[in-house]
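Each chain, letter by letter, is given below.
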Amino acid sequence: SQTIHQWPATLVQPVGSPLSLECTVEGTSNPNLYWYRQAAGRGLQLLFYSVGIGQISSEVPQNLSASRPQDRQFILSSKKLLLSDSGFYLCAWSHPTGTGGGQYFGPGTRLTVT
Amino acid sequence: TQLLEQSPQFLSIQEGENLTVYCNSSSVFSSLQWYRQEPGEGPVLLVTVVTGGEVKKLKRLTFQFGDARKDSSLHITAAQPGDTGLYLCAGRVSNAGNMLTFGGGTRLMVKP
């Protein structure tokens, strides 16, 4: 079976500091990978998605970047965090040609920028 | 940009009551998913509906996809406190790979 991991689970960082959030998937090959941000108790905003190693598409221009150094590893980064970067960050995966397009989410990372 | 609107945004009911959550759009989706999310956790996929008019049942939950594939509903019968959570609908546009557009969510609280 497939599993998806995210770490850290929670993070408190000062404004201007760098960021690195990691997501890994097990049990599947060549997944599509996604980074979302969720405002408190609301819907999800797609930040980045990737269909393969080194292939990153950005949905929202912002202070963040993403990389996919390995097939099942997806990293969200920032050089200098802003207060507005606080939120709940979710990584998800889907099959490359999944029936119905369902996505499977990790446990999330709660980021607080102070 | 596709827009999915969910209603109501908040719903507080007593255990045993029935409820319906709606997900509406002016756009056509090739499929639509419903997710349930608990605080501090990632959303969990409940169901995917693909065919216009399709109805799927998952125990006390009934999901329906509109005939025109622009809207969907989630009906819960005899709600229980364990149903409490954030319900999210998400639509997939056929020409966008596995990209999903998410609704704003419905926060459900079921009181014992």
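Residues numbered from 1 in each chain as written. Chains lettered and ligands numbered in written order. Predicted model: local features only at pLDDT ≥ 70, side-chain atom pairs only at ≥ 80, totals over all residues. Heavy atoms only, no water.

A.B. asks: Explain the state of the cysteines residue by residue, including any values.
C.D. replies: All names here are of chain A. With the rule as written, the count across this model stands at 2 disulfides over all chains. Disulfide pairing places C23 opposite C91 at an S-S distance of 2.0 Å. The disulfide joining C23 to C91 has a torsion of about -75° about its S-S bond and is therefore left-handed. Of this pair, C23 sits in strand β3 (residues 19-26) while C91 sits in strand β9 (residues 87-94), placing them 68 residues apart in sequence. (Disulfide = S-S within 2.5 Å. Helix = DSSP H or I, 4+ residues; strand = E, 2+ residues; numbered from the N terminus.)

A.B. asks: Any details on the nonpolar core? Residues and values, ideally.
C.D. replies: In summary, soluble globular proteins display a tendency toward joint burial of nonpolar side chains. Of all hydrophobic cores here, the largest spans 21 residues; its most connected members are B:L19, B:L32, B:W34, B:L74, B:I76 and B:L108. Setting aside anything within four residues of it in sequence, one finds B:L74 in contact with B:L19, B:T20, B:V21, B:W34, B:L61, B:T62, B:F63 and B:Y87. A:I4, A:L11, A:L19 and A:C23 belong to the second largest nonpolar core, which has 20 residues in total. (Core = buried A, V, L, I, M, F, W, Y, C linked by side-chain atoms within 4.5 Å. Buried < 20%, exposed > 50% of the residue type's maximum accessible area, 1.4 Å probe, protein only. Contact = heavy atoms within 4.5 Å.)

A.B. asks: Let's hear about the sheet that holds strand β8 (residues 73-78) of chain A: which residues, and what values?
C.D. replies: Strand pairing within a sheet occurs via backbone hydrogen bonds; the two strands may be parallel or antiparallel. Residues and elements named next belong to chain A. Reading across from one edge, β1-β3-β8-β7 is the order of the 4 strands in this open sheet, with antiparallel pairing throughout. Two strands in the sheet have a free side with no partner beyond their single neighbour: β1 (3-7) and β7 (65-70). The average undirected angle you get between the axes of adjacent strands in this sheet is 20°. Where β7 meets β8, 4 bridges bridge the pair, whose relative direction is antiparallel. Paired with S65 across the two strands is S77, which belongs to β8. (Pairing = 2+ DSSP bridges. Axes fitted to C-alpha atoms, helices over the stretch in contact; angles between N-to-C directions.)

Treat this as a map of the structure, not an account of what it does.
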